[in-house]
Amino acid sequence: MIHVDRLAKSFHDKKRGIVHALEHVSFDVKPREIFGLLGPNGAGKTTCLRLLATILKPTDGTAEVGGADILKSPEAVRRQIGFLSGDMGIPARLTPREVLSFFGKLNGLEGDRLRLRIDEMVETFEMAEFAHTKTDKLSTGMKQKVAIARTVLHDPPILILDEPSSGLDVPTARLIENYMLRAKESGKCILFSTHVMEEAEYLCDRIGVVHQGKLRALGTMQELRELTGKHRLREIFLDLLEIGQRAEGART
Amino acid sequence: MNLKISAAVYQKEMLEVFRDRRTMISMVVVPLLAIPLLFSLINGFMSSREKEAQGEALSVGVLGDDKLPTVIQSLKAAGFQPVVKADLRAAVEKKEVAAAVEETDDATTGEKLLNVYIDRTRQASEIAGDKIQTAIEKLKTDTVRASLRGSGLPEKILTPFTTKSVNVASEKKMSGLVFGSALGYVVILLMFTGAMYPAIDMTAGEKERRTLEAVLASPAGRNEIVLGKIAATATAAFITALLTLGSMAYSFRFSPQAATAQETFHMAPPDMGSLALALVTVIPTAIVAASLMVAIALFAKSYKEGMSYLTPIVMLAAFPAVVGMLPGLELTPALALIPIFNVCQLIKEIFLGEFSRVAYAVAFGANLVYAAVGYFVAARIFKSESVLFRV
């Protein structure tokens with residue numbers, strides 16, 4: 001479903017000059033799989049997800065999402081994905097139902113089909129109590145529910161989620177985790193980034209660790225344990241970052 | 001191009017526009033309340049100043065009751081109150097009297113010379129000066145007439161003919177002159193102000209609130225998103241124009257001061273046909289304003305920054321609008337190509353009832369072209385990563 005081939009992104013920064021946000025990263029995500037992208041802040045996770053969602057254009061390499069090339073057919077890519085940005089991005093003056101209606105229309109839903117899907121989302125993400133309240137009056141957890149509902153409203157086969165449980169309380173995070181597991185069971189391909197190690201350990205079939213724009217390691221939990229000799233993901237992650245730092249130091 | 005997507009973006013933006021307090025103030029409250037209030041204040045101020053000036057204009061300075069007794073008598077008969085002052089020029093300058101009269105000898109001819117001191121910067125002094133001239137003219141005529149009676153000549157030789165100026169302009173045209181000259185400027189200025197807040201909110205505001213990314217990741221194309229945003233901003237600009245024209249027409253037609261204003265300027269209230277045509281005329285300019293503002297506001301990363309980018313644009317737009325207010329300018333086909341100026345001029349000519357169809361077609365067509373160019377420029381900017389993700 002997702003095939004990433006030597007994907008790279010550089011941009012010019014007034015203070016830092018040329019910044020290599022992502023350096024020739026390659027990986028695949030299959031249907032019925034949850035793939036977690038881990039990395040410290042500024043590692044290149046969000047850039048990678050934005051490239052796959054065709055919000056940004058790569059400077060080198062390419063990727064196929066649902067069989068469509070991100071450079072040649074960006075609109076075909078966007079028709080197959082549900083993208084959750086790290087900032088939630090909910091229009092403050094609209095109610096959750098209005099937000100869902102807007103994004104449903106952008107994704108080609110209309111009439112009864114749209115209404116039914118909105119009702120379904122309101123029920124799935126327990127939003128009935130605040131479905132008619134403007135989103136600027138909602139708590140972070142409520143907003144994130146709206147954001148997730150908006151992402152999956154049109155039932156896309158591929159989900160690209162940037163930190164879906166960021167800043168959430170445990171019950172809301174659990175609600176979203178359960179949704180991701182159900183989506184996986186239904187055959188969806190899920191690529192997500194997170195800083196929460198327990199969540200990645202619990203949800204992911206495979207994990208990729210990104211650091212300074214490079215993919216440092218990739219594999220199942222078992223494979224990563226064998227690679228580092230560590231057991232907990234937190235230790236594995238820190239170990240991989242240290243190896244990465246040393247490699248960079250040796251190179252420079 | 002999927003117009004259903006643009007329609008969805010438009011619908012969502014309009015919902016946000018109607019729920020944004022800043023936009024509602026500039027788009028609805030200012031035209032609906034400020035225009036009638038301004039009209040009422042100006043009218044009230046002018047009539048109270050007029051009354052005040054009329055009262056003040058009755059004081060006239062003289063050197064003494066025994067000096068120029070016949071002149072003083074005539075001035076009294078005309079309603080003046082003579083006030084004795086030692087330095088007449090200083091008394092007028094210090095506003096102690098509205099005007100003053102003094103008799104001197106002409107150094108060259110040796111004839112009696114009647115000096116009327118006035119201060120042309122003061123309305124009361126101007127009025128007093130005119131009234132004194134009229135009273136003295138009457139005194140002069142009466143004096144000559146009395147002399148003629150003894151000579152046996154007929155009094156008619158004093159007035160071989162009289163003059164009367166006849167205004168051939170209809171009340172509608174007079175209305176057009178007063179209404180149309182200022183209206184184009186006011187409509188353009190308020191339209192740009194009305195478009196400013198929605199344009200910032202839909203671009204820099206969305207960047208600041210981080211709501212744009214999710215829309216960009218949807219199947220919506222950038223061209224379709226921009227079209228929806230420009231259409232919503234243009235609607236806001238058009239609503240501002242509609243309410244401005246409507247509230248000005250209401251003020252001239254139904255407000256308590258309307259009758260006084262119509263009488264003062266000898267004009268009829270603006271007719272509905274001209275108002276409707278003026279509204280059609282501003283449509284392409286509303287789109288130009290929207291495209292320009294959306295394109296520029298896209299460069300800003302915050303609402304505040306957007307304000308600092310667009311405020312000078314509103315001022316720049318006011319410049320050709322001010323030129324359009326100048327009297328004596330006519331809209332030739334060449335001048336009809338100048339954006340903003342052409343609309344102001346057309347509005348004026350529509351209310352005067354004498355616009356040229358050729359100039360109208362050229363101006364309307366040119367503004368449509370500018371609107372299309374504006375849209376393509378905005379769409380191009382909207383595709384730029386460095387603009388959208390400027391942090």
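Residues numbered from 1 in each chain as written. Chains lettered and ligands numbered in written order. Predicted model: local features only at pLDDT ≥ 70, side-chain atom pairs only at ≥ 80, totals over all residues.

Peer 1: Mind showing me how you'd approach the overall build of chain B here?
Peer 2: A count of helices and strands for chain B gives 15 helices and 4 strands. In terms of C-alpha radius of gyration, chain B reaches 30 Å, well past the compact-globule figure of 21 Å for 391 residues. Considered along the principal axes of its C-alpha atoms, chain B spans approximately 105 × 45 × 40 Å. Buried residues in chain B amount to 40% of all 391 residues. When contacts within chain B are restricted to residue pairs at least 6 apart in sequence, those whose partners lie at least 24 apart make up 76%. (Helix = DSSP H or I, 4+ residues; strand = E, 2+ residues; numbered from the N terminus. Rg over C-alpha atoms; globule rule 2.2 N^0.38 Å. Buried ≥ 20, exposed ≤ 12 C-beta atoms within 10 Å, placed from the backbone. Contact = placed C-beta atoms within 7 Å.)

Peer 1: Would you explain the interface of chain A and chain B in this entry?
Peer 2: Where interface size is quoted, it is often the accessible area lost as the parts come together. Contact residues are listed per partner, giving 24 residues for chain A and 20 residues for chain B. Broken down by secondary-structure element, the contributors of at least two residues to the side of chain A that touches chain B are helix 2 (74-80) and helix 3 (96-106) of chain A. With 5 residues, helix 3 of chain A is the single largest residue contributor to the side of chain A that touches chain B. Residues that form the side of chain A that touches chain B fall into these classes: 11 nonpolar, 4 polar and 9 charged. (Nonpolar A, V, L, I, M, F, W, Y, C, P; charged D, E, K, R; others polar.)

Peer 1: What am I meant to see in the packing of helix 3 of chain A against helix 5 (residues 140-152) of chain A here?
Peer 2: In a pair of packed helices, the angle between the axes and the distance between the axes together describe the arrangement. Residues and elements named next belong to chain A. As a packed pair, helix 3 and helix 5 sit with axes 9 Å apart at the nearest point and diverge in direction by 25°. Comparing their axes, helix 5 and helix 3 come out roughly parallel. For helix 3 against helix 5, the interelement crossing comes out right-handed. Residues P96, V99, L100 and F103 of helix 3 touch helix 5, and the partners they reach there are V146, A149 and R150. Class assignment of the residues belonging to the contact of helix 3 with helix 5 gives a composition of 6 nonpolar, no polar and 1 charged. (Axes fitted to C-alpha atoms, helices over the stretch in contact; angles between N-to-C directions. Parallel < 35°, antiparallel > 145°, perpendicular 65-115°, else oblique. Left-handed = near helix turned anticlockwise from the far one by under 90°.)

Peer 1: Got a minute to help me understand the packing of helix 3 of chain A against helix 4 (residues 111-124) of chain A in this structure?
Peer 2: Residue and element names in this part refer to chain A. For the pair helix 3 and helix 4, interaxial distance at closest approach is 10 Å and the crossing angle is 135°. The pairing of helix 3 with helix 4 is recorded here as oblique in orientation. In terms of crossing hand, the pair formed by helix 3 and helix 4 is right-handed. Across the interface between the two elements, R97, L100, S101 and G104 of helix 3 pack against L114, R117, I118 and M121 of helix 4. A breakdown of the residues in the contact of helix 3 with helix 4 according to their chemical character gives 4 nonpolar, 2 polar and 2 charged.

Peer 1: I would appreciate a short explanation of the sheet that holds strand 3 (residues 33-38) of chain A in the present structure.
Peer 2: Hydrogen bonds along the backbone pair up the strands of a sheet, which may run parallel or antiparallel. All names here are of chain A. With respect to topology, 6 strands assemble into an open sheet ordered 6-7-8-3-9-10, the strand pairing being mixed. Pairing within the sheet leaves two strands with one partner each, and these edge strands are strand 6 (81-84) and strand 10 (214-219). Taking each pair of neighbouring strands and ignoring which way they run, the sheet shows an average axis angle of 15°. Note: strand 6 against strand 7 (residues 158-162), 4 bridges, orientation parallel. Bridging from a neighbouring strand, G82 pairs with L159 of strand 7. Across the sheet, helix 5 is in contact with strand 6 and strand 7; its angle to strand 6 comes to roughly 160°. (Pairing = 2+ DSSP bridges.)

Peer 1: Please clarify how the sheet that holds strand 2 (residues 17-29) of chain A should be interpreted in this entry.
Peer 2: Residue and element names in this part refer to chain A. Strand order in the open sheet formed by 4 strands is 2-1-4-5, and the pairing between neighbours is antiparallel. Of all the strands in the sheet, just strand 2 and strand 5 (68-69) have a single pairing partner and so form its edges. Examined bridge by bridge, strand 4 (residues 60-65) and strand 5 share 2 bridges and lie antiparallel to one another. Paired with V65 across the bridge in strand 5 is A68. In this fold helix 1 (residues 45-52) packs onto strand 1 (2-13), strand 2 and strand 4, with an angle of close to 115° to the strand it touches most, strand 1.

Peer 1: Looking at this model, I keep getting lost on the confidence of the model for chain A. Mind explaining?
Peer 2: Any region with low pLDDT has predicted coordinates that should not be read closely. Considering every residue of chain A, the mean pLDDT works out to 90; 97% of them sit at 70 or more. Element-level mean pLDDT values for chain A span from 78 in helix 9 (residues 233-251) of chain A up to 96 in helix 3 of chain A. (pLDDT = per-residue confidence, 0-100.)

Peer 1: It is not clear to me how the environment of L326(B) should be interpreted in this structure. Could you clarify?
Peer 2: Residues and elements named next belong to chain B. Note that L326 resides in the loop between helix 12 (303-325) and helix 13 (341-352). L326 gets classed as exposed once you count the C-beta atoms within 10 Å, which come to 11. The spatial distance from the C-alpha of L326 to the C-alpha of Q345 is 9.3 Å, given a sequence separation of 19 residues.

Peer 1: How do you make sense of the environment of S251(B) when you look at a structure like this?
Peer 2: Topologically, S251(B) is positioned in helix 9 (residues 222-254). With 21 C-beta atoms counted inside 10 Å, the residue S251(B) sits in the buried group.

Peer 1: Explain the pairing of strand 8 (residues 189-194) of chain A to me, please; I cannot follow it from the model alone.
Peer 2: It is a general feature of regular strands that their side chains alternate between the two faces of the sheet. Residues and elements named next belong to chain A. Of all the 6 residues making up strand 8, 6 are buried; the element is thus mostly covered by neighbouring parts of the structure. Across the two faces of strand 8 the burial is the same, with C189, L191 and S193 and I190, F192 and T194 all buried. Two strands pair when backbone bridges link them, and strand 3 and strand 8 are joined in this way by 6 bridges, in the parallel orientation. Residue L38 lies in a different strand from strand 8, and its bridge partner there is T194.

Peer 1: Can you help me understand the nonpolar core in this one?
Peer 2: Across soluble globular proteins, nonpolar side chains have a tendency to be buried as a group. Residue and element names in this part refer to chain B. Membership of the largest hydrophobic core comes to 155 residues, with the highest contact counts inside it found for M191, A290 and M293. Per-element tally for this core: the top contributor is helix 9, with 15 residues. Listed in part, the 19 residues of the second largest apolar core include F80, A98, A100 and I132. (Core = buried A, V, L, I, M, F, W, Y, C linked by C-beta atoms within 7 Å.)

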